[in-house]
Amino acid sequence: MLLMGYGEVESYEDFANYNEQALNLLTAKFAPVPTWIYPPLAKLLALFDRHEWGHQHHDFISPHNAIFEKQRAGIEQNLQAKWGDRIQVFKAFNFCAPFLPNQVLAEIKSQGFDKILIYPLLVVDSIFTSGIAIEQVNNALTETNDGENHWLKALRYIPSFYNEPEYIHLMAHLVEEKINADLATAYLPSQIGIVLMNHGCPHKAKGFTSGIVESQALYDLVREELIYKYPLISVGWLNHDTPLIEWTQPNAEQAAKNLIQLGAKVIIFMPIGFATENHETLLDVHHIIHDLEKKYSGVDYVQMACVNDHPEFLAMAAEWANAQIAELQHEQAVAINPQLAVHHHHHHH
């Protein structure tokens, strides 16, 4: 199994390179930017990152990669309990060596595996998430091929889990648990504002799936579980501040302001569109709360964690893979000879 995630840089020296990778893969999908701009733009963004992570946050190092490793290990443990060690889980990050998809696929090949389950551990499918993952896997599969028949004999894929009932229930349950533990005695249910945070999506992405449809569905499903008890709920999109691009609204800060206007005395920020903590769920939300505290000092704020390595989540994530693993076990290995894909020319008369 190839478990795929974003990956986040842990040393400042890597920022410019990381940004250039990210810009190449991401921006190209929705912004009309000429490629020569990437290297200088990446260096410029690295300066901003250096400032934000280094000076404002005392050399913040994202816990993202460490959490992702716990997720990988937990999912593997769950799967091996059922399938034994015929199943191994490898992790790949879109942007971080030594776990780039081409490096990891070369390793998988060298260990003698010939069937792969591609599993982007992402709540929502979009061109910026699983789209990039598949793009990189395809490049790697072309690179690692030598000899007439491709080394890979069977392949399966697990799409996003935005509408999986267990995930929806867990999101709502974590919010309720937090309210019961810390807030229920001090606030009326109608004074508890809940901002359910999705990854922001640009409205236009050249016709690629930009994530809006699944994110909106995810929000509606989680809201439905909570609304009868807690009427003040809003989606809050964590957008990237980029010029000229129209993003999903309201952003998380605006969402909180809206709920405060309706009488919320405490705001809970719950990330539902992210399974793994990253600098957006940590730093961006931290900034938002800091700004709100200055404007609305009488309101309380609660920042909740992503689902991360919650044992229930790791069990369900493994469960979603079982059907595909069973299919791969039964599937007859097919020898695929890339030379046979010689281009069929269509003759127009």
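Structure report, in brief. (Residues numbered from 1 in each chain as written. Predicted model: local features only at pLDDT ≥ 70, side-chain atom pairs only at ≥ 80, totals over all residues. Heavy atoms only, no water.)

1. Focus: the pattern of salt bridges
Going through the model one piece at a time under the given rule, you end up with 9 salt bridges. For the salt bridge of Glu 76 with Arg 72, the shortest nitrogen-to-oxygen distance reads 3.3 Å. With a gap of 4 residues between them, Glu 76 and Arg 72 both fall in helix α3 (residues 64-83), about one helical turn apart. Each member of the pair, Glu 76 as well as Arg 72, carries the same accessibility label: buried. Lys 178 serves as the salt-bridge partner of Asp 182, at 2.9 Å between the closest nitrogen and oxygen. (Salt bridge = Lys/Arg side-chain N within 4 Å of Asp/Glu carboxyl O. Helix = DSSP H or I, 4+ residues; strand = E, 2+ residues; numbered from the N terminus. Buried < 20%, exposed > 50% of the residue type's maximum accessible area, 1.4 Å probe, protein only.)

2. Things to note about the sheet that holds strand β5 (residues 192-199)
The strands making up a sheet are joined through hydrogen bonds of the backbone, oriented either antiparallel or parallel. Strand order in the open sheet made by the 4 strands is β6-β5-β7-β8, with parallel pairing throughout. Taken across any chain shown, the strands that pair with only one partner, and hence form the sheet edges, are β6 (233-238) and β8 (300-303). The sheet shows a mean angle of 25 degrees between the axes of neighbouring strands, direction not considered. As paired strands, β5 and strand β7 (residues 266-271) are joined by 6 bridges and run parallel to one another. Following the sheet pairing, Gly 193 is matched in β7 by Ile 267. Running at roughly 155 degrees to β5, helix α7 (residues 212-226) makes contact with β5 and β6 of the sheet. Against the sheet, helix α8 (residues 252-261) contacts β5, β6, β7 and β8, and its axis sits at roughly 160 degrees relative to β6. (Pairing = 2+ DSSP bridges. Axes fitted to C-alpha atoms, helices over the stretch in contact; angles between N-to-C directions. Contact = heavy atoms within 4.5 Å.)

3. Looking at the packing of aromatic side chains
Enumeration over the complete set of coordinates arrives at 8 aromatic pairs. Measuring from centroid to centroid gives 5.3 Å for Phe 68 and Phe 93, while their planes differ by 55 degrees, and the two rings are tilted. Placement of Phe 68 in helix α3 and of Phe 93 in strand β2 (residues 90-93) is noted, with a sequence separation of 25 residues between them. Phe 93 carries the same exposure label as Phe 68, and that label is buried. Between Phe 93 and Phe 99, the aromatic rings sit 5.9 Å apart at their centres with planes inclined by 85 degrees, giving edge-to-face as the arrangement. (Phe/Tyr/Trp six-rings, centres within 6.5 Å; stacked < 30°, edge-to-face > 60°.)

4. A short note on the nonpolar core
If you look at the biggest cluster of nonpolar residues, it comprises 59 residues, and the most contacted ones within it are Leu 79, Tyr 167, Ile 194 and Phe 313. Excluding its chain neighbours within four sequence positions, the residues that come into contact with Leu 79 are Met 1, Gly 84, Ile 87, Val 89, Ala 318, Ala 321, Asn 322 and Ile 325. Met 197, Leu 232, Ala 255 and Ile 288 belong to the second largest nonpolar core, which has 20 residues in total. (Core = buried A, V, L, I, M, F, W, Y, C linked by side-chain atoms within 4.5 Å.)

5. Focus on the pairing of β8
The side chains of a regular strand alternate between the sheet's two faces. Taken together, the 4 bridges between β7 and β8 define a ladder with parallel strand orientation. Within the sheet, the bridge partner assigned to Phe 269 lies in β8 and is Gln 303. As for the winding sense of the linkage, the β-α-β connection from β7 through helix α9 (residues 279-295) to β8 is right-handed. (Right-handed = clockwise from strand over helix to strand, strands pointing away.)

6. Observations concerning the environment of Glu 277
Along the chain, Glu 277 turns up in the loop between β7 and α9. Each C-alpha atom, one on Glu 277 and one on Phe 68, is 8.7 Å from the other, the two residues being 209 residues apart in sequence. Not counting residues up to four positions away in its chain, the partners in contact with Glu 277 are Pro 63, His 64, Ile 67, Leu 282, Ala 305, Cys 306 and Asn 308. Reaching out from Glu 277, the side chain makes a polar contact with the backbone nitrogen of Cys 306 at a distance of 3.0 Å. (Polar contact = N/O pair within 3.5 Å; in protein donor to acceptor, adjacent residues only side chain to side chain.)

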